[in-house]
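Here is how the chains run, residue by residue.
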Amino acid sequence: MSNTTLTADVVAKAALAILDNELGVLKTVHRAYEDEFSNQVNGYKIGDTISIRRPADFTVRTGATLSTQDVIEGKTTLTIDQQCGVDFQFTSSDLTLKITDLSERVMKPAMSSIINYMANDVLTTMYKRLYHWVGTPGETINSFADFALGPRRLDTMAVPMGDRYAALSPADHWGMLGSQTALYIQDAARGAYREGSLGTIGGIETRMSQVVPTHTVGPLGGTPLVNGATQNVTYDTAKNTWTQSLITDGWTASAASRVKEGDVFTIYASGTSGAKVKMVNPKTKAVTDVDQQFVVTADGSSDGAGNLTLTISPPIITSGPHQTVNVAPADNAGLVMVGTASTGYVQNMMYHKNTMALAVVPMEMPAAAYGGHRESYKGLSVRVIPIYDGTNDISKWRLDLLYGRKVIDPRLGVRVSGTA
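These numbers were taken from a predicted model, which means no experiment stands behind them.

Chemist: Sorry, what's going on with the overall build of the protein chain here?
Modeler: In terms of regular secondary structure, the protein chain is built from six helices and 25 strands. Taking the intrachain contacts of the protein chain between residues at least 6 apart in sequence as the baseline, contacts between residues at least 24 apart amount to 79%. With an accessible surface of roughly 18,900 Å², the protein chain has 49% of that area assigned to carbon and sulfur atoms.

Chemist: Can you walk me through the side chain of serine 302 in this structure?
Modeler: Note on placement: serine 302 falls in the loop between strand E16 (294–296) and strand E17 (308–313). For serine 302, a relative accessible area of 7% translates into the label buried. Engagement of the side chain of serine 302 in a polar contact is seen with the backbone oxygen of threonine 252, the distance being 2.6 Å. Those residues within four positions of serine 302 in sequence are excluded, and the remaining contacts are Trp251, Thr252, Ala253, Ser254, Ala255, Arg258, Asn307 and Leu308.

Chemist: Would you explain the pattern of salt bridges in this entry?
Modeler: Close approach of charged atoms allows side chains with opposite charge to pair. If you walk through the whole model with that rule in mind, you get ten salt bridges. A salt bridge links glutamate 205 to arginine 207, with the shortest nitrogen-to-oxygen separation between them at 3.0 Å. By relative accessible area, arginine 207 is classed as partly exposed at 25%. Between aspartate 409 and arginine 411 there is a salt bridge whose closest N-O contact spans 2.9 Å. Residue aspartate 409 is classed as buried on the basis of its relative accessible area of 12%.

Chemist: Which parts of the structure should I look at to understand unusual backbone geometry?
Modeler: Comment: phi is negative for the bulk of residues other than glycine, and the bulk of peptide bonds are trans. Look at the link from serine 313 to proline 314: it is a cis peptide, with omega at 0 degrees. Turning to its location among the elements, proline 314 is positioned in the loop between E17 and strand E18 (335–337). Phi is positive for aspartate 163, close to 55 degrees, though the residue is something other than glycine. Here aspartate 163 shows up in the loop between helix H3 (144–156) and strand E7 (164–168).

Chemist: Which parts of the structure should I look at to understand the pairing of strand E25 (residues 413–416)?
Modeler: Across the two faces of E25 the burial is the same, with Gly413 and Arg415 and Val414 and Val416 all buried. Direction of pairing for strand E6 (residues 133–134) relative to E25: parallel, over a ladder of two bridges. Counted as the bridge partner of valine 134 is valine 416 from E25. Direction of pairing for strand E20 (residues 348–352) relative to E25: antiparallel, over a ladder of four bridges. Across the sheet, the residue bridging to asparagine 348 is valine 416, located in E25.

Chemist: Looking at this model, I keep getting lost on the side chain of serine 209. Mind explaining?
Modeler: Mapped onto the fold, serine 209 is located in the loop between strand E9 (204–208) and strand E10 (214–216). Overall, the relative accessible area of 5% leaves serine 209 in the buried class. In this structure serine 209 touches Val25, Leu123, Leu168, Ser169 and Pro170, once residues within four positions along its chain are discounted.

Chemist: Would you take a moment to explain the sheet that holds strand E13 (residues 264–267) for this structure?
Modeler: Strand order in the open sheet formed by six strands is E11-E12-E17-E16-E13-E18, with antiparallel pairing between adjacent strands. Either end of the sheet is taken by a strand with one partner, and the two such strands are strand E11 (222–226) and E18. The mean inter-strand angle of the sheet, taken between neighbouring strand axes irrespective of direction, is 45 degrees. Sheet topology places E13 next to E18; three bridges connect them, and they run antiparallel. Across the sheet, isoleucine 267 pairs through a bridge with leucine 335, a residue of E18.

Chemist: How should H3 be read in this particular structure?
Modeler: Since there are 3.6 residues in each turn of an α-helix, residues three or four apart along the chain are aligned in direction. The end-to-end C-alpha separation of H3 is 18 Å, in line with the 18 Å expected for 13 residues at 1.5 Å each. Among all positions in H3, only Asp146, Phe147, Gly150, Pro151, Arg153 and Leu154 are buried. Just downstream of H3 lies alanine 158, where phi reads positive at about 60 degrees.

Chemist: Where do I start with the packing of aromatic side chains in this structure?
Modeler: Each aromatic ring pair is summarised here by two numbers: the centre-to-centre distance and the angle between the ring planes. For the structure shown, the criterion picks out four aromatic pairs. Between tyrosine 165 and tyrosine 351, the ring centres sit 6.4 Å apart and the planes meet at 35 degrees, which makes this aromatic pair tilted. On the criterion of sequence distance, the pair formed by tyrosine 165 in strand E7 and tyrosine 351 in strand E20 is long-range, its members being 186 residues apart. Given the relative accessible area of 0%, tyrosine 351 is considered buried. The interplanar angle of 25 degrees and the centroid separation of 5.7 Å between the aromatic rings of phenylalanine 265 and phenylalanine 294 together place this pair among those described as stacked. In this pair, phenylalanine 265 sits in strand E13 while phenylalanine 294 sits in strand E16, placing the two residues 29 residues apart along the sequence. When its relative accessible area of 0% is taken as the criterion, phenylalanine 265 is described as buried. Across the ring face of tyrosine 268, the terminal group of lysine 276 is positioned such that the distance to the ring centre comes to 5.3 Å.

The rules we used
- Residues numbered from 1 in each chain as written.
- Predicted model: local features only at pLDDT ≥ 70, side-chain atom pairs only at ≥ 80, totals over all residues.
- Heavy atoms only, no water.
- Helix = DSSP H or I, 4+ residues; strand = E, 2+ residues; numbered from the N terminus.
- Contact = heavy atoms within 4.5 Å.
- Areas by Shrake-Rupley, 256 points an atom, 1.4 Å probe, with all protein chains shown as cover.
- Buried < 20%, exposed > 50% of the residue type's maximum accessible area, 1.4 Å probe, protein only.
- Polar contact = N/O pair within 3.5 Å; in protein donor to acceptor, adjacent residues only side chain to side chain.
- Salt bridge = Lys/Arg side-chain N within 4 Å of Asp/Glu carboxyl O.
- Pairing = 2+ DSSP bridges.
- Axes fitted to C-alpha atoms, helices over the stretch in contact; angles between N-to-C directions.
- Expected span 1.5 Å × (residues − 1).
- Phe/Tyr/Trp six-rings, centres within 6.5 Å; stacked < 30°, edge-to-face > 60°.
- Lys NZ or Arg CZ within 6 Å of the ring centre and 35° of its normal.

Fair warning: the whole summary comes from geometry, so function is off the table for now.
Structure representation (structure tokens):
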């Protein structure tokens, strides 16, 4: 192939082609919102937002008597607030390269770094809002029975079939692969043994990702209790955030960051033993056998008396079309944290595509950026700007992406660990 003089459009096109081919786990999240950002000619700045509606829900009437309901839709915003990129440089003698050399020497490692950064960012953002966690934290998924805990919980949560995905850490991926080689199902065994591929299992398209995040549980401490009964809320008060405040006490006094964003817990219905607050079926509102789990959505520190007001999800809603639990916990009901204090656990996840949104948008091109170029394709966009260092006869290049990510429906995902 003949040599190519490197210009911003050449670099941008090479980068974008690699980005599109290597998205990996980023292909498993909802990507349609790029269309909402299509009208700004010169690109977008950090902080631009769009609104996303949360679906309404209803209770079913029985009998012939009319019983109207208000249509209440929540909303959330997707903010374009994440900028990432790589910077590199060439001497003048390097500026004429084969395009294949450019792709292999520069673009592939550069875009690999960006994709891995974005994938880790997206998965970290997602797990911190997922309140369902099955299995035993710290245990590797190494059997179909372990794996099946995920789709089973998704079914109980009434998550739609289709567009279900799993992101497994390397240890869990290979642990699960080992369990598949003994199967008598020819295609599954061949894929596991010869190709290192899990494919679709139990309706879950399964992918390995080296950047599955690890969550470190907060320091915890004390015997946390609900401080005050009837701390349930209405959907109307929680519809936009899908969170609420929960007043607790009994923590170790004056402790910084006693709980961390992403910590998960269950609550006894009353006291510190017996039945726990249960999840209800999202469609029928029938009480399930699943202890409702809650996630802490912001770091929290206890005061001098051991009091701590948590911000949690889901909200405790005990009636109506958006009911989440069978009862509100009583005063002095005990909290049971998932995992051991100050211990890290890999966050494997199974989720419907609509759990998480990712939007990569065209970035603003500064007026002074002479020779810059922006390339967009299939909802992806990169911006390349050359900068010449005349003193040292070096051409420097900056390559940027601008994106936003948001958990739009945490009811559609679950964290998954193995069992002992």
